[in-house]
Amino acid sequence: MAVVQLLSNLFDSFPNWLATILISCLPVAELRGAIPVALLQYQMHPTEAYLLAVIGNMIPVIPLLLYLEPVSNYLRRFRFWNKFFDWLFTRTHHNHSATFEKYGTLGLAIFVAIPLPATGAWSGCAAAFVFGIGFRHALMAITAGVLIAGVVVTTVTLGGISLSNLLI
């Protein structure tokens, strides 16, 4: 509940609908943070919360898919960023290569759909880049994963709300 309060406080000067979109754009929150905030703090209708969070989560995807490679190539000219990208890509490849080799684009959709830390649209864009998944296939897989994750997070949040109402 503290995370919900922190995220809502961060955007308290914005209208609730815009705050939901902005929270879901953040790489640390994505829709996994935006939907609980919208439902618990802003008292939004579940459909509205879901749609706004999906829209916000997808906003950074196209720029990330288009510009991750050129930006990383440019930044690799600097020692710090070269080491960072070597670490990131080695870690991503090591941790997820079996999944992507076995399932390909479907694996990317599943990876994005699982609402756990270090998964989601931002990580999915990085994984698509590391594993050489083309723009069109990556966009479709990430969109499918975000849609599924939104359903899961909305359902779990509503279930938690219902359970807490029963206990009170």
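Residues numbered from 1 in each chain as written. Predicted model: local features only at pLDDT ≥ 70, side-chain atom pairs only at ≥ 80, totals over all residues. Heavy atoms only, no water.

Draft legend 1. Structural context of the overall build of the chain. The secondary structure content of the chain amounts to eight helices and zero strands. Along the chain direction, N to C, the helices and strands of the chain fall in the order α-α-α-α-α-α-α-α. For the chain, whose C-alpha radius of gyration is 17 Å, the value lies close to the compact-globule estimate of 15 Å for 168 residues. Counting only C-alpha atoms, the chain reaches 55 × 35 × 25 Å along its principal axes. Taking all 168 residues of the chain together, 41% fall into the buried category. Taking the contacts inside the chain whose residues are at least 6 apart along the sequence as the reference set, 68% of them involve residues at least 24 apart. (Helix = DSSP H or I, 4+ residues; strand = E, 2+ residues; numbered from the N terminus. Rg over C-alpha atoms; globule rule 2.2 N^0.38 Å. Buried < 20%, exposed > 50% of the residue type's maximum accessible area, 1.4 Å probe, protein only. Contact = heavy atoms within 4.5 Å.)

Draft legend 2. Broad picture of the side chain of T119. By the element assignment, T119 lies in the loop between helix 6 (79-113) and helix 7 (121-130). Polar side-chain contacts of T119 include one of 2.7 Å to the backbone oxygen of L116. Setting aside its immediate chain neighbours within four residues, T119 contacts E30, R32, F111 and I114. (Polar contact = N/O pair within 3.5 Å; in protein donor to acceptor, adjacent residues only side chain to side chain.)

Draft legend 3. Quick look at the packing of aromatic side chains. The full count for this structure, using the stated rule, is seven aromatic pairs. Considering the side-chain rings of F84 and F85, the 5.3 Å spacing of their centres and the 65° angle between planes classify their relative orientation as edge-to-face. A relative accessible area of 30% means that F84 is categorised as partly exposed. On the basis of relative accessible area, F85 is assigned to the buried category, the value being 6%. With centroids separated by 6.0 Å and ring planes inclined at 35°, the aromatic side chains of F84 and W87 adopt a geometry described as tilted. Taken together, the residues span about one helical turn, with F84 and W87 both in helix 6 at a distance of three residues. (Phe/Tyr/Trp six-rings, centres within 6.5 Å; stacked < 30°, edge-to-face > 60°.)

Draft legend 4. Highlighting the nonpolar core. Residues I23, L31, L108, I142 and V146 are the most contacted members of the largest nonpolar core, which totals 39 residues. Elements with a contribution of two residues or more to this core: helix 2 (16-25), helix 3 (30-41), helix 4 (46-58), helix 5 (61-75), helix 6, helix 7 and helix 8 (135-167). With residues up to four places along the chain from it excluded, the contact list for I23 reads L7, F11, A29, E30, G33, A34, V37 and Y42. (Core = buried A, V, L, I, M, F, W, Y, C linked by side-chain atoms within 4.5 Å.)

Draft legend 5. Representation of the environment of F85 in the model. Mapped onto the secondary structure, F85 falls in helix 6. Along the sequence, F85 and N73 sit twelve residues apart, while their C-alpha atoms lie 9.3 Å from each other. Ignoring any residue separated from it by four or fewer positions in sequence, one finds F85 in contact with S72, L75 and R76.

Draft legend 6. Main features of the side chain of T154. Within the secondary structure, T154 sits in helix 8. Excluding residues that lie within four positions of it along the chain, T154 makes contacts with I35, L39, P46 and Y50.

Draft legend 7. Spatial organisation of the pattern of salt bridges. Taken as a whole and assessed by the stated rule, the structure comprises one salt bridge. Of the charged contacts, one joins R76 and D86 as a salt bridge, the two residues approaching to 2.9 Å between their closest N and O atoms. With R76 in the loop between helix 5 and helix 6 and D86 in helix 6, this pair connects stretches of sequence that are ten residues apart. Take D86: its relative accessible area is 37%, and that puts it in the partly exposed class. (Salt bridge = Lys/Arg side-chain N within 4 Å of Asp/Glu carboxyl O.)

Draft legend 8. Structural context of unusual backbone geometry. One non-glycine residue, E30, lies in positive phi territory at about 50°. Inspection of the secondary structure puts E30 in helix 3. With a phi angle near 70°, A118 is a residue other than glycine that sits in the positive phi range. Within the secondary structure layout, A118 lies in the loop between helix 6 and helix 7.

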